[in-house]
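Chain residues, written in single-letter form:
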Amino acid sequence: MLNKTFRSAVSAFLLMMTMALTSSGISFFVAPVCDDLGIGRGSFSIYFSIMTASSAMSVYLFGPYINRKGVRGVMLLLSFWGCIGFWLFSYAKQLWMFYLIAIYFGVFASNFLTMLSNVIVQQTSGTVDVSSLLGIVMAGSGVGGVIVSQVLPQMIDLYGWQWGYRFLGLAWFVLTFLAYLILGNCYNINYQNSSDDSLAEGMTRAEAVRSSKLYLLIICTLILSICCGIQQHVPSILGAMKFETSQISIIMTVMTASLAAGKALQGILYGKIGVIKGSYFIFILFSISFLLMLHRAFVYPAVITMAVGMGALTTLIPMIARYIFGTREYPSIWSIFVTVNCIGVLFASPVWGMVYDIFGTYAPALIAAAVILILGLAAFPFIFSKKTA
């Protein structure tokens, strides 16, 4: 029988690969769907925001449920839910249909999968270094993203966008149902009735909400999510720097690979130097990446360090949350930060676009991102203080 921790890690890794179907896969449908149905790209892209908003609400509501009941029932439900959602998209013919389906699909979209994977790792790591394990698991989204970017465009070109959605639906079901089977009964924690004192370490959600540390960490999460909004604009930034299409493709591949590797390396880093030192290091590194992005000559160091910084949302923030609030009601508390991230994502990309529209360059936004990351460091002495309030 496979080790419990290993099975849990594999299950969570598969869920993060599934996340790539939405975080990476959906972007490939903008051009073919809009060209085929005569829909404006700006109007069509709104369904991404609707999906994110729906996800933000579900994450917040399901966190306490998972804390009480565990993850297996939810995993089985989302296997069918997501598959049906993708197939519904394939039959949409008008813009309002995409919007309506996005509300349904968003319930178990990418942010929910991130929360679920994180909770599984945090609560089943046993004696294994949780930071290293979490980093490896979170890298699953990068692995999935690379596979999707290689397979999906060809699928759409050969069979049309409708079958592209259906392919994602089948892939979703296979990955999530396999994750459900592999996890088995590894995650059967009931915090309220457990006699294991290790499961009761830390704060309850009610206690965390009364702590100033929660709100300081929420601010840090918002800063990261807003700065991560640059990801959708990197190709435009590279285009403005006069890079050719082929060069942009190579640079984006490097960035995607760095995002996957960076998450794994972050986990190892936190295991070696600790969460506190790691927090300062990642925020400073992320800040430097935006300054490097101002110069064409430093574009490769910029995208590599930027990708590592982006991984902090799914590696650093959960490790800080565990460090401060413990594991007693971790699923319920962690859901708050995933919701905050969703809110940040909703506004981040439009804000980056507005800066370019106003100034004709991304430079002001790049400088502002570098500055607010450094300002965010001011919260760490209070977050990591020994006081509980």
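Everything discussed here concerns the structure shown above.
Residues numbered from 1 in each chain as written. Predicted model: local features only at pLDDT ≥ 70, side-chain atom pairs only at ≥ 80, totals over all residues. Heavy atoms only, no water.

A. Representation of the overall build of the protein chain in the model. The helix and strand inventory of the protein chain stands at 19 helices and zero strands. At 20 Å, the protein chain has a C-alpha radius of gyration in line with the 21 Å of a compact globule built from 389 residues. When each of the 389 residues of the protein chain is scored for burial, the buried share is 55%. Counting only contacts in the protein chain whose residues sit at least 6 apart along the sequence, the fraction spanning at least 24 positions is 82%. Taken as a whole, the protein chain presents about 16600 Å² of accessible surface, with 68% of it coming from carbon and sulfur. Separation of charge centres in the protein chain, based on 20 positive and 11 negative side chains, amounts to 6 Å. (Helix = DSSP H or I, 4+ residues; strand = E, 2+ residues; numbered from the N terminus. Rg over C-alpha atoms; globule rule 2.2 N^0.38 Å. Buried < 20%, exposed > 50% of the residue type's maximum accessible area, 1.4 Å probe, protein only. Contact = heavy atoms within 4.5 Å. Areas by Shrake-Rupley, 256 points an atom, 1.4 Å probe, with all protein chains shown as cover. Lys, Arg positive; Asp, Glu negative; His and termini not counted. Charge placed at Lys NZ, Arg CZ, Asp CG, Glu CD.)

B. Looking closely at the packing of aromatic side chains. Tallied over the full model, the rule gives 27 aromatic pairs. Centroid distance Trp87 to Trp163: 6.1 Å. Interplanar angle 80°. Geometry classified as edge-to-face. Placement of the pair is Trp87 in helix α4 (residues 72-90) and Trp163 in helix α9 (residues 161-183), with a sequence separation of 76 residues. By relative accessible area, which is 26% here, Trp87 ends up partly exposed. On the basis of an interplanar angle of 20° and a centroid distance of 6.1 Å, the ring pair of Phe89 and Phe98 is categorised as stacked. The class for Phe98 is buried, based on a relative accessible area of 0%. A connected cluster of aromatic rings, assembled from ring pairs, spans Phe29, Tyr47, Phe86, Phe89, Phe98, Phe105, Trp161, Tyr165 and Trp172. A cation over an aromatic ring shows up here: Arg166 above the ring of Tyr91, its NZ or CZ 4.7 Å from the ring centre. Between the NZ or CZ atom of Arg166 and the centre of the ring of Trp163, over which it lies, the distance is 4.7 Å. (Phe/Tyr/Trp six-rings, centres within 6.5 Å; stacked < 30°, edge-to-face > 60°. Lys NZ or Arg CZ within 6 Å of the ring centre and 35° of its normal.)

C. Just the environment of Phe382, in detail. Structurally, Phe382 can be placed in helix α19 (residues 380-383). Distance in space between the C-alpha atoms of Phe382 and Leu217 is 9.8 Å, their sequence separation being 165 residues. Excluding residues that lie within four positions of it along the chain, Phe382 makes contacts with Lys213 and Leu216.

D. Up close: the state of the cysteines. Under the criterion given, the structure shown has zero disulfides. Not part of a disulfide, Cys228 finds its nearest cysteine sulfur in Cys227, a span of 7.1 Å. (Disulfide = S-S within 2.5 Å.)

E. Quick peek at unusual backbone geometry. Unusually for a residue other than glycine, Lys242 sits at a positive phi of about 70°. As for its placement among the helices and strands, Lys242 is situated in the loop between α12 (234-240) and α13 (245-273).

F. Broad picture of the packing of helix α11 (residues 212-227) against helix α17 (residues 330-359). One way to put it is that α11 packs onto α17 with a least axis distance of 7 Å and a crossing angle of 35°. Crossing of α11 against α17: the hand is right-handed. Within the contact between the two elements, α11 uses Leu214, Leu217, Ile218, Thr221, Leu222, Ser225, Ile226 and Cys227 and α17 uses Ile336, Phe337, Val340, Asn341, Gly344, Val345, Ala348 and Trp352. Of the residues contributing to the contact of α11 with α17, the split by class is twelve nonpolar, four polar and no charged. (Axes fitted to C-alpha atoms, helices over the stretch in contact; angles between N-to-C directions. Left-handed = near helix turned anticlockwise from the far one by under 90°. Nonpolar A, V, L, I, M, F, W, Y, C, P; charged D, E, K, R; others polar.)

G. Structural view of helix α8 (residues 140-159). Over its 20 residues, α8 runs 27 Å from end to end, which matches the ideal 28 Å to within 8%, given 1.5 Å per residue. Along its length, α8 shows its largest kink, about 30°, at Val148. Residues of α8 that are buried: Gly140, Ser141, Gly142, Gly144, Gly145, Val148, Leu152, Met155 and Ile156. Buried residues belonging to α8 abut α1 (4-23), α2 (30-37), α7 (130-138), α9 and α13. (Expected span 1.5 Å × (residues − 1). Bend = angle between axes of the 7 residues up to and from the residue.)

H. Geometry of the packing of helix α14 (residues 275-292) against helix α18 (residues 363-376). Packing of α14 against α18 leaves a shortest axis separation of 8 Å and a crossing angle of 165°. Judged on the interaxial angle alone, α18 and α14 are roughly antiparallel. In the crossing of α14 with α18, the sense of the turn from one axis to the other is left-handed. Contacts from Phe283, Phe286, Ser287, Phe290 and Leu291 of α14 reach α18 at Leu366, Ala369, Ala370, Leu373, Ile374 and Gly376. (Parallel < 35°, antiparallel > 145°, perpendicular 65-115°, else oblique.)

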